[in-house]
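Now for the letters of each chain:
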Amino acid sequence: MQPNQMTRLSRRLSYLLRHSTQYIDHHGWAKVEDVLAALGERCPSFSQEDLEEIVRTDSKGRYSFDADHRRIRANQGHSVPVDVELEELTPPEVLYHGTATRFLDRIFREGLLPMTRLYCHLSADFDTAHAVGARRGKPVVLRVDAAAMAREGYVFYRSENGVWLTKTVPPCFLTPLA
Ligand code: HQG
């Protein structure tokens, strides 16, 4: 399969597993057979091997199969309400959030909000956050004082693919870096 076709199908997969309720259950699982049928509408030759390749080669580890590879789900990033059994964890001292400079005024008025997703997405490293911010315009990285938040009882999760998630970050825990 051409790389650009694989990219298009991977985007469609992301939509089906994160933003549509058509195939997923309340834990975010979709049956592999349903996903193959849906992607097969776009690309009739699409096979289980192709799906395995998308999951294996995904640059951010976005998807997981269950033990017998009959079900698949996105590890994070959902907009529809699902419980993907996130692991609640004490965060590192500092986490980072990448955004675009044009959002800063609002973020410093109302805090970081999940917007269309279920959680705010935070990274353990500056560079990942910078790349996330650059998707939206002139990037700026916000330092999140996760240790102080944890002391005050804010709950953090880490997804299967290592993204840190929390419901909201009030402005007092945020410092703009670069
Ligand atoms: C911003 C990608 C105004 C927030 C990435 C962000 C990530 C506010 C945008 C994952 C705000 C939401 C998530 C407020 C937050 N006022 N703007 N109060 N609070 N924002 O895409 O973090 O490729 O939902 O800064 O790599 O950019 O999809 O979140 O700019 O891990 O797997 O509102 O998505 O991964 O945008 O990205 P998003 P995000 P995938």
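This is a predicted model, so every value here is computed, not measured.

Chemist: Please clarify how the packing of helix α1 (residues 3–18) against helix α2 (residues 32–42) should be interpreted in this entry.
Modeler: Think of two packed helices as two axes; the pair is described by the angle between the axes and how far apart they sit. Running from N to C, α1 and α2 cross one another at 135°; their axes reach a closest spacing of 11 Å. As judged from the angle between their axes, α1 and α2 are oblique. When you trace α1 past α2, the crossing you get is right-handed. Only V35, A38, L39 and R42 of α2 make contact with α1, whose side of the interface consists of Q5, L9, R12, L13, L16 and L17. Residue composition of the contact of α1 with α2, grouped by class: seven nonpolar, one polar and two charged.

Chemist: Honestly, the packing of aromatic side chains in this entry has me stumped. Any pointers?
Modeler: How two aromatic rings sit relative to each other is given by the distance of their centres and the angle of their planes. Overall, the coordinates contain three aromatic pairs when judged by the stated rule. Summarising the aromatic geometry, the rings of Y96 and F126 are spaced 6.2 Å apart at their centres and angled 75° between planes, so their arrangement reads as edge-to-face. Taken together, the residues Y96 in strand β5 (residues 94–100) and F126 in helix α5 (residues 126–134) connect sequence positions 30 residues apart. A relative accessible area of 28% places F126 in the partly exposed class. Directly above the ring of Y119 sits K167, whose terminal nitrogen or CZ lies 4.6 Å from the centroid.

Reading the values: rules and limits
- The numbering scheme is per chain: residues are counted from 1 as the chain's sequence reads.
- At least 70 in pLDDT is required for a residue's local features to be given in this predicted model, at least 80 for side-chain atom pairs to be given and counted, and no such filter applies to totals for whole chains, interfaces and linings, which use all residues.
- Computation of side-chain values covers all heavy atoms of the structure but excludes hydrogens and water.
- In this analysis, axes come from line fits to C-alpha atoms, helices being fitted only over the stretch in contact, and the angle between any two N-to-C directions falls in the range 0 to 180 degrees.
- Secondary structure counts use DSSP, requiring at least four H or I residues in a row for a helix and at least two E residues in a row for a strand, with both numbered from the N terminus.
- Each angle gets one of four labels, with under 35 degrees taken as roughly parallel, over 145 as roughly antiparallel, 65 to 115 as roughly perpendicular, and the rest as oblique.
- In this scheme the handedness of a crossing depends on how the near helix is turned from the far one: anticlockwise by less than a right angle means left-handed, clockwise means right-handed.
- Note on definitions: a residue-residue contact is assigned when non-hydrogen atoms from the two residues lie within 4.5 Å.
- Charged residues are taken to be Asp, Glu, Lys and Arg, nonpolar residues to be Ala, Val, Leu, Ile, Met, Phe, Trp, Tyr, Cys and Pro, and polar residues to be all remaining types, Gly included.
- Aromatic pairing here means that ring centres of Phe, Tyr or Trp (its six-membered ring) are within 6.5 Å. Orientation follows from the plane angle: under 30 degrees is stacked, over 60 is edge-to-face, and everything else is tilted.
- The rule is simple: take the accessible area with a 1.4 Å probe, protein chains only, and divide by the maximum for that residue type; under 20% is buried, over 50% is exposed, in between is partly exposed.
- A ring is considered to have a charge above it if a Lys NZ or an Arg CZ atom is located within 6 Å of its centre and within 35 degrees of its normal.

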